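# Results of the structural survey
Spelled out, the chains give:
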Amino acid sequence: MEAIANGLILLILSIGHAELWVMVINRTHALPIPDARLKKLRHVLELFIVLFPIVLFLSVGLYTPGVLLGGTWSQLPFWWKPVLLVCALGFLGLLYSGFRHLFYKPPRLQIEYQSELIHMRQRLNQDLIGEGPYHYLAGLPLNEIFSVDFTRKTFQLPRLPENWDGLTILHLSDLHFSGTLKREYFVELCRIAQETKPDLIVFAGDLIDEMKCLDWLDDTLGPMQAPLGCYFILGNHDWHQESLQIRETLVETGWIDLSTKPFLLQHAGHTLQLAGTEVPWMGEHPEIKRSTIGEGTEPESDFLLLVSHTPDHFHWAVRQGYDLVLSGHTHGGQVRFPLIGPVFAPSLHGTRYASGTFARGSTVLHVSRGVSGIHPLRWLCRPEISLLTLRVSDKKKSD
Ligand SMILES: [Fe+2]
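Residues numbered from 1 in each chain as written. Predicted model: local features only at pLDDT ≥ 70, side-chain atom pairs only at ≥ 80, totals over all residues. Heavy atoms only, no water.

## Quick notes on the overall build of the chain
Convention followed: The numbering of helices and of strands both runs from the N terminus, where a helix is a DSSP run of H or I of at least 4 residues and a strand a run of E of at least 2. Using C-alpha atoms as the atom set, the radius of gyration is obtained and then compared with a globule rule of 2.2 Å times the number of residues to the power 0.38. Remark: exposure states derive from per-residue accessible area (1.4 Å probe, protein chains only) relative to the maximum for the residue type, with buried under 20%, exposed over 50%, and partly exposed in between. Using a 1.4 Å probe, the Shrake-Rupley method yields the accessible areas, and only the shown protein chains count as cover for residues. In summary, the charge assignment counts Lys and Arg as positive and Asp and Glu as negative, without counting His or the chain termini. A single reference atom marks each charge: NZ on Lys, CZ on Arg, CG on Asp, CD on Glu.
Counting its regular elements, the chain contains 10 helices and 15 strands. The C-alpha atoms of the chain give 23 Å as radius of gyration, which agrees with the globular expectation for 399 residues (21 Å, within 12%). Along the first, second and third principal axes, the C-alpha atoms of the chain reach 80 × 50 × 35 Å. With 399 residues in all, the chain has 54% of them scored as buried. Per element, the accessible surface of the chain, about 18,300 Å² overall, is 60% carbon and sulfur. Seen as two clouds, the 34 positive and the 40 negative side-chain charges of the chain have centres 6 Å apart.

This is the structure in structure tokens:
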């Protein structure tokens, strides 16, 4: 019985050890490190994750002190103690993020949520797996890559001008064209999204993983239209490709590049300031256009919208006074474990902003799970496209 309990402790410590390296993987993947170097680093860390339990079970479990064979923990060699303490902390960290996922509640500023499940394979009645990288993953059992959640969320935003009540934004992110999922999948998805007739469309980056797919824009994002325009930024995967060409092609199809400077848009008597950031991979954070009247500190707009590929800039956006931040990049973790939730998320905050709606003060962050990924694998984490409806706050209505 004691041997089973000790085996369980060794297992927990191994999981804690793995979590520590996953934390390192998540943070390093949030930085502008070239792909080849990131891959090497990840392979080394994955090797640590696999080897450590073997060493732990052999050494502590069977040799000295041999806790699986009647040895006691008090005989543990001195140098193992700090190592196992750190592993225990790693396990506590995993429990914490599990609790955070389990008890996640959207902020009160999100007043409505609906989701429609679209089974793309049945809808198109064809095999949608192409021959791109990692295509063998797409056919794995229980993979939800072809079951898309079309989510509809309503946010009540304190600074929204009254006559913008009901404004809709289509939030798309992380299409990752690579040839692994067939073109038809994206064509149909964009067509479905366009049918909702949003006022404004935003794409939050990671468009291309294989440059040969650039002409897919012709019948995916290309034909999309919205009365207030279609806006984009690029992501880290575009940065790994020929980002200049991707950017130019999107602009040629009529999309507006938000990465260079904020864009002022007049709508129903008010000004919307749209800005984008591709930091840390490309460019710099946008400078909000400020009024030249008075002390010149007030934004030259009634409402500030930021599109940031990574949600890591949320706290910066709060300090800048943005009203709404739209992000992608983390893919919701792509694979979620029962109870624990997401484990992998390329963010300086780990899985904290893997997906969903968050608020700090009057700033709302919406992180899309995105549509695809270089690895076409989704377990308990469906792809997502979102239609966001903005509503005036109750306080403003009653004033
Ligand atoms: Fe992505």
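Picking up after the structure, the text goes on.
## Some details on the pairing of strand 14 (residues 363-367)
Operational definition: Strands pair, by our definition, only if DSSP identifies at least two bridges between them.
Strand 14 sits mainly inside the fold: five of its five residues count as buried. Neither face of strand 14 is open: one carries Thr 363, Leu 365 and Val 367, the other Val 364 and His 366, and all of them are buried. The pairing of strand 13 (residues 356-360) with strand 14 spans five bridges and is antiparallel. Following the sheet pairing, Thr 357 is matched in strand 14 by His 366. Counting the residues that bridge the hairpin from strand 13 to strand 14 gives two residues, and of these Gly 361 lies at a positive phi of roughly 60°.

## Description of the packing of aromatic side chains
The criterion, for reference: Each pair of aromatic rings taken from Phe, Tyr and Trp, with Trp reduced to its six-membered ring, is defined by centres within 6.5 Å and is described as stacked if the planes are under 30 degrees apart, edge-to-face if over 60, and tilted in the remaining cases. A ring has a charge above it when a Lys NZ or an Arg CZ is no more than 6 Å from the ring centre and no more than 35 degrees off the ring normal.
The full count for this structure, using the stated rule, is 16 aromatic pairs. Measuring from ring centre to ring centre gives 5.6 Å for Phe 146 and Tyr 185, while their planes differ by 85°; the resulting arrangement is edge-to-face. Of this pair, Phe 146 sits in the loop between helix 5 (135-138) and strand 2 (147-157) while Tyr 185 sits in helix 6 (residues 183-195), placing them 39 residues apart in sequence. By the burial criterion, Phe 146 is buried, and Tyr 185 matches it. A network of ring pairs unites the aromatic residues Phe 146, Phe 177, Tyr 185, Phe 186 and Trp 216 as a single cluster. Stacked on the ring of Phe 150, the Lys or Arg Arg 152 has its end atom at 4.3 Å from the ring centre.

## Concerning the sheet that holds strand 4 (residues 200-203)
Read from one edge of the open sheet, seven strands run 1-2-15-3-4-5-6, paired in mixed fashion. What marks the edges here is a single partner per strand, and that holds for strand 1 (110-119) and strand 6 (256-257). Sheet topology note: the strand 1/strand 2 ladder contains nine bridges and is antiparallel. Following the sheet pairing, Gln 114 is matched in strand 2 by Arg 152.

## Concerning the sheet that holds strand 13
Note the cut-off: Angles run from 0 to 180 degrees between N-to-C directions of axes, and those axes are lines fitted to C-alpha atoms, restricted for helices to the stretch in contact.
Ordered by their spatial adjacency, six strands build an open sheet running 7-8-9-10-14-13, and the pairing between neighbours is mixed. A single partner strand is all that each edge strand has here, and the edge strands are strand 7 (263-267) and strand 13. Adjacent strand axes in the sheet meet at a mean angle of 20° when their direction is disregarded. Summarising the sheet, strand 7 and strand 8 (residues 270-277) pair through five bridges and their orientation is antiparallel. Within the sheet, the bridge partner assigned to Gln 266 lies in strand 8 and is Thr 271.

## As for the nonpolar core
So the rule is basically this: For this analysis, a nonpolar core means a set of buried residues of the types Ala, Val, Leu, Ile, Met, Phe, Trp, Tyr and Cys, connected via side-chain atoms within 4.5 Å.
Core analysis: the biggest nonpolar cluster contains 43 residues, and Met 120, Leu 172, Tyr 185, Leu 207, Leu 221, Met 224 and Trp 255 have the highest contact counts within it. When residues of this core are traced back to their parent elements, those giving at least two are strand 2, strand 3 (167-172), helix 6, strand 4, strand 5 (230-232), helix 8 (243-252) and strand 15 (384-392). Broken down by element, the residue count for this core peaks at six residues, all from helix 6. Grouped together as the second largest cluster of nonpolar side chains are 26 residues, Leu 200, Tyr 231, Leu 265 and Leu 305 included.

## Overview of the coordination of the iron ion
The cut-off we apply is this: A donor here means an N, O or S atom no more than 2.8 Å from the metal, or no more than 3.2 Å when the metal is Na, K or Ca. Since water is not included, a site may seem to lack partners. Each label reflects the angles at the metal, where four donors whose angles all fall between 85 and 135 degrees are tetrahedral, four or six donors whose opposite pairs open beyond 155 degrees and whose other angles stay between 65 and 115 are square planar or octahedral respectively, and the rest are irregular.
Taken together, Asp 174 (OD), His 176 (NE2), Asp 206 (OD) and His 331 (NE2) make up the protein donors of the iron ion, found 2.0 to 2.2 Å from the metal. Classification of the site at the iron ion rests on its four donor atoms, whose angles at the metal span 87 to 170°, yielding the label irregular. Sequence spacing of the donor residues for the iron ion, all on one chain, is D-x1-H-x29-D-x124-H. Here Asp 174 is found in the loop between strand 3 and helix 6, whereas its partner His 331 is found in the loop between strand 10 (324-327) and strand 11 (336-337), with 157 residues between them in sequence.

## What about the packing of helix 1 (residues 2-28) against helix 2 (residues 35-63)?
We apply this condition: Here is the rule for angles: anything less than 35 degrees is roughly parallel, anything more than 145 is roughly antiparallel, 65 through 115 is roughly perpendicular, and the remaining ranges are oblique. Each crossing gets its handedness from the near helix: less than a right angle anticlockwise from the far helix is left-handed, clockwise is right-handed. Only heavy atoms matter for contacts: two residues are in contact if any of them lie within 4.5 Å across the pair. Any residue that is not Ala, Val, Leu, Ile, Met, Phe, Trp, Tyr, Cys, Pro, Asp, Glu, Lys or Arg is counted as polar, Gly included; the first ten are nonpolar and the last four charged.
Packing of helix 1 against helix 2 brings their axes to within 10 Å, and their N-to-C directions diverge by 165°. Classified by the angle their axes make, helix 1 and helix 2 are roughly antiparallel. In the crossing of helix 1 with helix 2, the sense of the turn from one axis to the other is right-handed. Where helix 1 abuts helix 2, its residues Gly 7, Leu 10, Leu 11, Leu 13, Ser 14, His 17, Ala 18, Trp 21, Val 22, Val 24, Ile 25 and Thr 28 lie against Leu 38, Leu 41, Arg 42, Leu 45, Phe 48, Ile 49, Phe 52, Pro 53, Leu 56, Phe 57, Val 60 and Gly 61. A breakdown of the residues in the contact of helix 1 with helix 2 according to their chemical character gives 18 nonpolar, five polar and one charged.

## Side note on the domain arrangement of the chain
Here is the rule: The domain limits used here are those given by an automatic or database domain assignment. Accessible surface is computed with a 1.4 Å probe, and the buried area is the amount of it that two parts give up when combined, taken over both parts together. Counted as salt bridges are all cases of a side-chain nitrogen of Lys or Arg within 4 Å of a carboxyl oxygen of Asp or Glu.
Domain annotation for the chain reports domain 1 (2-102) and domain 2 (110-398). Once you take the C-alpha centre of each, domain 1 and domain 2 turn out to be 35 Å apart. Taken together, the contact between domain 1 and domain 2 spans 18 residues of the former and 22 residues of the latter. Between domain 1 and domain 2, a total of about 1,600 Å² is buried, with carbon and sulfur atoms accounting for 61% of that surface. For the pair domain 1 and domain 2, the interface holds zero salt bridges. Of all the secondary-structure elements, those providing two or more residues to the side of domain 1 that touches domain 2 are helix 1, helix 2 and helix 3 (80-102). The biggest single contributor to the side of domain 1 that touches domain 2 is helix 3, with six residues. Its residues assigned to classes, the side of domain 1 that touches domain 2 comprises eight nonpolar, five polar and five charged.

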